[in-house]
Structure formats: structure tokens, C-alpha cells
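Understanding the architecture of this molecule
Listed here are the chains, written in short residue letters.
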Amino acid sequence: CQSFRCNDYDAGDEPMERLLYADLSIDCDGDRYKPMVGYAALALLIYSIGIPLVLFLKLYKWRRELNPPKYEDEERAIKARLKTMRKSKAMRADPIVELALPYRPRYWWYEVFSLGRRFAL
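These lines cover the structure that appears in this document, whether it is placed above or below. As the structure is a computational prediction, the values presented were derived from the model and not from experiment.

What follows is about the overall build of the protein chain. Counting secondary structure elements, the protein chain contains five helices and two strands. If you list the helices and strands of the protein chain from N to C, you get β-β-α-α-α-α-α. The C-alpha radius of gyration computed for the protein chain amounts to 24 Å, which surpasses the reference 14 Å derived for 121 residues by more than 25%, pointing to a less compact arrangement than a globule. Taking all 121 residues of the protein chain together, the buried fraction comes to 24%. Relative to all contacts within the protein chain whose residues are 6 or more apart in sequence, the contacts with residues 24 or more apart total 45%. Surface summary for the protein chain: the accessible area is close to 8,900 Å², and the carbon and sulfur share equals 57%.

See below:
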């Protein structure tokens, strides 16, 4: 994130200045920089932890329908999942459920893992 990177610059006879790398008009020791860093840190936490956590909790709510517990055979589990989808209006109405459908039933959580991995890059 470019909000955290500061560089030291020689100001000649004056002491060294710490300026934001992305915008040299912002002094890293000044009052304008501190709220910006707080906002950037909060946004970083929300996007990197909050979004995957909310997605996991929403999918966790539907885990029994996405991965029917009585089926060891994967093909039967997929058929049971689709049958449950046809019957349940609430499940069809929740767009989050669509994120788990491309994966095998026991990997209903994989979209959260994939999202976390992409954030880590």
C-alpha cells in the first residue's frame, strides 16, 4: 500500500524531511499523514480479513445444504445439493450460495480460501 511508504530527503541546511513516496507534498511527520495511515490500515483490515470472514460466515450458514452430511458418494451429494436448491427458495435467493456451486460439495469453503490467497498476493 502506498500510504505507508515514506522516504527521507536531504533538505540542505535544514534537517532531513520524511515525505510520502506516492505524494511528495505530504510530510510523514505531519498531522495530515496520521489520519491517512489510520484510514489506510482500517481499509486494509476490512478488505483482507473482513470480506473473507463475512463470506465464510454466509457460506457456513448453508454448509449442510451445500455438503449434505449423509452422502459419502460425491455424485449423490451433488444430486442432493441440487435437489435441495430446487426446493429451497431462501437458498436460491442468496447469491452467496452461487460461489460454492462450482466446487465439489465437501469443498464448499474453497472460495473463501481462494479469495484469501488472492489477497495475500
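Looking now at helix α5 (residues 110-120). Every buried residue of α5 is listed here: Glu-111, Val-112, Ser-114 and Leu-115. Along the axis of α5, the buried positions cluster into a sector of 160 degrees, meaning they face one direction only. Where α5 is buried, its residues contact α1 (33-61).

In total, this model carries one disulfide according to the counting rule given. Sulfur-sulfur distance for the disulfide between Cys-6 and Cys-28 comes to 1.9 Å. Given an S-S torsion of about -95 degrees, the disulfide between Cys-6 and Cys-28 has left-handed geometry. Highlighted residues: Cys-6 in strand β1 (residues 6-9) and Cys-28 in the loop between β2 (17-20) and α1, separated in sequence by 22 residues. Across this residue pair, the class does not change: Cys-6 and Cys-28 are buried.

Our next topic: α1. With 29 residues, α1 ought to run about 42 Å at 1.5 Å a step, and its terminal C-alpha atoms sit 41 Å apart, in line with that. Of all the bends in α1, the greatest, near 35 degrees, is centred on Gly-50, and the proline Pro-52 appears no more than four residues after it. Within the sequence span of α1, burial applies to Tyr-33, Ala-40, Pro-52, Leu-55 and Leu-59. Those residues of α1 that are buried lie in contact with β1, β2, α2 (63-66) and α5.

Cut-offs used in this document
Position numbers for residues start from 1 in each chain and track the written sequence from start to end. In keeping with the predicted nature of the model, local features appear solely for residues at pLDDT of at least 70, side-chain atom pairs appear and are counted solely at 80 or more, and the whole-chain, interface and lining totals rest on all residues. To obtain the side-chain values, all non-hydrogen atoms of the structure were included, while hydrogens and water were left out. Segments assigned H or I by DSSP are reported as helices when at least four residues long, segments assigned E as strands when at least two residues long, and all are numbered from the N terminus. Here the globule rule reads 2.2 Å times residues to the power 0.38, and the radius of gyration is calculated from C-alpha atoms. Accessible area is worked out with a 1.4 Å probe on protein chains only. A residue is then buried under 20% of its type maximum, exposed over 50%, and partly exposed in between. For this analysis, residues touch if any pair of their heavy atoms sits within 4.5 Å. Accessibility throughout is a Shrake-Rupley quantity obtained with a 1.4 Å probe, and a residue counts as covered only by protein chains that appear here. Directions from the helix axis toward the C-beta atoms define the arc. Defined by distance alone, a disulfide is two cysteine sulfur atoms within 2.5 Å. A helix is expected to reach a length of 1.5 Å times the quantity of its residues less one. By definition, a residue's bend is the angle between the axes fitted to the seven residues ending there and the seven starting there.

Interpretation note: all reported values are geometric properties and have no functional meaning in isolation.
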